[in-house]
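Each chain, written out:
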Amino acid sequence: MPTPVWKLASILFRFVALAVVNKALLVTWKAVTGHEAPEEPESPEVRAVEAILFAAISGALVTAVRTMATRQLAAKVQQKGNRLPEAMETPYTGDASTPRRRR
């Protein structure tokens, strides 16, 4: 798959996955805490503990979903016999002496 097509597909796939996670997070936050999630966690009107907790949870979920969405897209691309971008084809050995290229 050519790089521009990969990037566009990756962005679209991530966007959909993140929209679903965002909705799930907001519903879960309200069910657990009994009130709406903070719209602006940076606001001084939001308690610090709540802002930090919301930021940590949402950040972890977003990172996990982005990773899984990209992995799922890569698996589908490989199933169809297409090549992944070069940076993703380099096998990861866990060896720090052979650095991988960043995307």
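Note that this is a predicted model, so its numbers are computed, not measured. (Residues numbered from 1 in each chain as written. Predicted model: local features only at pLDDT ≥ 70, side-chain atom pairs only at ≥ 80, totals over all residues. Heavy atoms only, no water.)

Okay, the overall build of the chain next. Looking only at helices and strands, one finds 3 helices and 0 strands in the chain. Ordered by position from N to C terminus, the α and β elements of the chain give α-α-α. Expressed as a percentage of the 103 residues in the chain, the buried residues total 21%. Here the analysis covers contacts within the chain between residues at least 6 apart in sequence; of these, 53% occur between residues at least 24 apart. Total accessible area on the chain is roughly 8,000 Å²; 62% of this is exposed by carbon and sulfur atoms. (Helix = DSSP H or I, 4+ residues; strand = E, 2+ residues; numbered from the N terminus. Buried < 20%, exposed > 50% of the residue type's maximum accessible area, 1.4 Å probe, protein only. Contact = heavy atoms within 4.5 Å. Areas by Shrake-Rupley, 256 points an atom, 1.4 Å probe, with all protein chains shown as cover.)

Take a nonpolar patch on the surface next. Residues Phe15, Val16 and Val20 make up a contiguous nonpolar surface patch of roughly 330 Å² in combined accessible area. As for its position among the elements, Val16 is in helix 1 (residues 3-33). Using a relative accessible area of 53% as the deciding quantity, one classes Val16 as exposed. (Patch = residues over 30% accessible without salt bridge, like charges linked within 9 Å, V, L, I, M, F, W, Y side chains within 5 Å. Salt bridge = Lys/Arg side-chain N within 4 Å of Asp/Glu carboxyl O.)

Take helix 2 (residues 48-79) next. Along its 32 residues, helix 2 runs 46 Å from first to last C-alpha, staying within 8% of the 46 Å computed at 1.5 Å per residue. Listed in full, the buried residues belonging to helix 2 are Glu50, Ala51, Phe54, Ser58, Val65, Ala69, Thr70, Leu73, Ala74 and Val77. Of the residues one or two after helix 2, Gly81 is the one with positive phi, at around 85°. (Expected span 1.5 Å × (residues − 1).)

Core analysis: the largest hydrophobic core is formed by 5 residues, namely Trp6, Leu73, Ala74, Val77 and Leu84. Ranked by residues supplied to this core, first place goes to helix 2 with 3 residues. (Core = buried A, V, L, I, M, F, W, Y, C linked by side-chain atoms within 4.5 Å.)

Let's shift gears to the environment of Ile11. By secondary structure assignment, the location of Ile11 is in helix 1. Judged by its relative accessible area of 55%, Ile11 falls in the exposed class. Considering only alpha carbons, one finds Ile11 and Thr70, 59 residues apart in sequence, at a separation of 8.9 Å.

Glancing now at the environment of Gln72. Mapping Gln72 onto the fold places it in helix 2. Between the alpha carbons of Gln72 and Phe13 there is a distance of 9.2 Å; along the sequence they are 59 residues apart.

In this section: the confidence of the model for the chain. This prediction gives the chain a mean pLDDT of 81; 82% of its residues lie at or above 70. At the low end of the mean pLDDT range in the chain sits helix 3 (residues 86-89), at 69; at the high end sits helix 2, at 87. (pLDDT = per-residue confidence, 0-100.)

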